[in-house]
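# Structural description and commentary
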Amino acid sequence: MATSVENVERETDKVMHKLQELSKHREQTLSDLIQQIENYQQDLSMLTSPENELTEIQRDLLLDNVIKKCRNTLNQFSAEHRDIHSSVSRVGKAIDKNFISDYICIGNENLFEEGDNSATFNKVIVEHFLRQGKSDIAERLIQEAKLDIDTKAKVPYIKMNKILDALKGRNLEPALEWAKTHREELLKNNSNFEFKLHRLQFIELLRGGMKNQLQLIMYSRTYFTQFADKYSSEIQVLMGSLMYLKSGLEHSPYAYLLDPNNWTEICNMFTKEACSLLEVSVESPLSVTFNAGCIALPALINIKQAIQQRHVQGVWSSRDELPIEIDVSRKCHYHSIFACPILRQQSSDNNPPMKLQCGHVISRDALNKLTNGSKLKCPYCPVEQNPADARLIYF
Ligand SMILES: [Zn+2]
């Protein structure tokens, strides 16, 4: 993927470079031409004075000359423009060459026809839109796909997005209210969100300068006392900044307090805290799946082609298992996987891991194979036991 992007980028860079060169050259040529036309005008006005009468023929000659030059320049420009065309079309060819647009071969058409897969998928999409604050789209999808979604499930997302929208508009009030309501839960999570909100509110007051002096002092008295033990050094910094209220904070050692990134940070922080209280992940399952798919797809297309070319279609039969290991980066790791040490296969819903009485874990298929009547000898320790005592393990 990375190299594909680089390949296309190389071609676009070439076009950009050519365009820049061209516009530089064009400006020069045009200003030369304008100069020539001005010279001609000057010549005309000088030569038409009574003592220096210009003949019709002379005037036509001069004019012809200028028109010819204009025409030449125009032809030159359109030739150069044609040349750019070929470079632009090379970008298109590079895109076609480097990116596979035909993904039909890896799709599973029947997947959404099975059971309630289709409805489940629609619900995942609805949840994604709700998280993103696009409740109107979500509502429409619920209606059109006739989904059964509990209104209770929607309310927290709608609330969350309202607060987030306010934060994006630099209004801290709804978030402060939310933090106050959920103070206990936030503290349980060891969150400093409420303090960060008050800190930002204080910084916003600082922006106002001297006219906010009294308000700033009142604010710190009202709100910072409760945080004094935990955030004393940060509160000291905020108090110290008051010394520069008159001369302007932007030219003081405290100028960093005014960093607009504070707002981006508080938005991200709120999303994280709110999702954690709602017990949902920050990223929607749909975007995680999509991103993991983007990483895995090129490798899967390659392996599928290799399997087809070598006529070994039977190799990749299991739907729950990939024929090769794909690294989707640490970000996409959510749970451990178990590979049976006996069958050397990854466990699945049909063949889950089983813990034997002795503590060793093997897959259920392996357990069934090793069972002899009502007896099982652990392949590792080897304690003899009843296979019915083995317990299913959930990751
Ligand atoms: Zn054992």
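Residues numbered from 1 in each chain as written. Predicted model: local features only at pLDDT ≥ 70, side-chain atom pairs only at ≥ 80, totals over all residues. Heavy atoms only, no water.

Heads up, the rule is: UniProt positions are given in the numbering used here, feature names are shortened, and annotations may be inferred rather than shown by experiment.
Its UniProt record gives the protein a comment under Subcellular location (unreviewed entry), which states: "Cytoplasm".

### What to know about the overall build of the protein
Short version of the rule: For helices the rule is a DSSP run of H or I covering at least 4 residues; for strands it is a run of E covering at least 2, with both sets numbered from the N terminus onward. A radius of gyration in this sense is built from C-alpha atoms; the matching globule rule multiplies 2.2 Å by the number of residues raised to 0.38. Working definition: with a 1.4 Å probe on protein chains only, accessible area under 20% of the residue-type maximum means buried, over 50% means exposed, and in between means partly exposed. Contact criterion: two residues are considered in contact whenever any of their non-hydrogen atoms come within 4.5 Å of each other. In these tables, accessible area is a Shrake-Rupley quantity obtained with a 1.4 Å probe, and a residue counts as shielded only by the protein chains included in the view.
Assigned secondary structure in the protein consists of 13 helices and five strands. Taking 395 residues into account, the globule formula puts the C-alpha radius of gyration at 21 Å, and the protein, at 36 Å, lies well above it. With the principal axes as the frame, the protein shows a C-alpha extent of 130 × 80 × 45 Å. For the protein, the proportion of its 395 residues judged to be buried stands at 29%. In the protein, 56% of the contacts between residues at least 6 apart in sequence involve partners at least 24 apart. With the model as given, the accessible surface of the protein reaches about 27,200 Å², and the carbon-plus-sulfur share is 53%.

### Brief notes about unusual backbone geometry
Following cysteine 381, the chain continues to proline 382 via a peptide bond in cis, the omega torsion being -15 degrees. Of note, glutamate 279 is a non-glycine position whose phi angle comes to about 60 degrees, a positive value. Since its relative accessible area comes to 73%, glutamate 279 is described here as exposed.

### Side note on the packing of aromatic side chains
We apply this condition: To pair, rings of Phe, Tyr and Trp, with the six-membered ring standing in for Trp, must have centres within 6.5 Å; the planes then decide the type, stacked if under 30 degrees apart, edge-to-face if over 60, and tilted in the middle. Cation placement over rings: the criterion is NZ of Lys or CZ of Arg within 6 Å of the ring centroid and within 35° of the ring normal.
Per the counting criterion, the structure on display carries twelve aromatic pairs. When the ring of phenylalanine 202 is compared with that of phenylalanine 224, the centres are 5.4 Å apart and the planes differ by 50 degrees; the resulting orientation is tilted. Of this pair, phenylalanine 202 sits in helix α8 (residues 193-207) while phenylalanine 224 is found in helix α9 (residues 213-224), placing the two residues 22 residues apart along the sequence. Directly above the ring of phenylalanine 77 sits arginine 26, whose terminal nitrogen or CZ lies 5.0 Å from the centroid.

### Remarks on the coordination of the zinc ion
The test is simple: Counted as donors are N, O and S atoms no farther than 2.8 Å from the metal, or 3.2 Å for Na, K and Ca; water is not among the atoms, and sites may therefore look incomplete.
Here the zinc ion is held by Cys358 (SG), His360 (ND1), Cys378 (SG) and Cys381 (SG), and the distances to it run 2.0 to 2.3 Å. Site description for the zinc ion: donor spacing in sequence, C-x1-H-x17-C-x2-C. Placement of histidine 360 in the loop between β1 (353-355) and β2 (361-363) and of cysteine 378 in the loop between β3 (376-377) and β4 (384-385) is noted, with a sequence separation of 18 residues between them.

### Looking at a nonpolar patch on the surface
Defined as follows: Patch membership is restricted to residues that have no salt bridge and whose relative accessible area is over 30%. Joining uses 9 Å for like charges and 5 Å for the nonpolar side chains Val, Leu, Ile, Met, Phe, Trp and Tyr. In what follows, salt bridge is the name for a side-chain nitrogen of Lys or Arg lying within 4 Å of a carboxyl oxygen of Asp or Glu.
A contiguous nonpolar patch, built from Leu111, Phe112 and Phe121 and spanning about 240 Å² of accessible area, is present on the exposed surface. Tracing the chain through its elements places phenylalanine 112 in the loop between α2 (56-98) and α3 (117-131).

### Focus on the domain arrangement of the protein
Definition in use: Bear in mind that the domain bounds are from an automatic or database domain assignment.
As assigned here, the protein comprises domain 1 (2-98), domain 2 (150-277) and domain 3 (336-395). Computed from C-alpha atoms alone, the centre-to-centre distance between domain 2 and domain 3 is 54 Å.

### Points about the UniProt feature "domain: RING-Gid-type" (unreviewed entry) in the protein
In this numbering, the UniProt entry assigns the feature "domain: RING-Gid-type" (unreviewed entry) to residues 340-381. Across residues 340-381 one finds 17% helix and 19% strand; the C-alpha atoms that close the span lie 16 Å apart.

### Some points on the confidence of the model for the protein
Rules: Looking at any residue, its pLDDT shows the predictor's confidence there, from 0 to 100.
Here the protein averages 86 in pLDDT, and 94% of its residues register 70 or above. Within the protein, no element has a lower average pLDDT than helix α12 (residues 285-309), which sits at 84, and none a higher one than helix α6 (residues 173-181), at 95.

### Topic: the nonpolar core
Our working definition: Residue types Ala, Val, Leu, Ile, Met, Phe, Trp, Tyr and Cys, when buried and joined through side-chain atoms within 4.5 Å, form a set referred to as a nonpolar core.
Judged by nonpolar contacts, the single largest core of 38 residues is most densely connected at Leu167, Trp178, Phe193, Leu197, Phe202, Leu206 and Phe270. Broken down by secondary-structure element, the contributors of at least two residues to this core are α5 (151-168), α6, α8, α9, α10 (232-241) and α11 (261-277). Sort the elements by how many residues they give to this core and α8 lands first, with eight residues. With sequence-adjacent residues up to four places away left out, phenylalanine 202 is seen in contact with Leu216, Tyr219, Ser220, Phe224, Leu238, Met239, Ser241 and Leu242. Cys340, Leu356, Ile362 and Ala366 belong to the second-largest nonpolar core, a separate cluster that totals ten residues.

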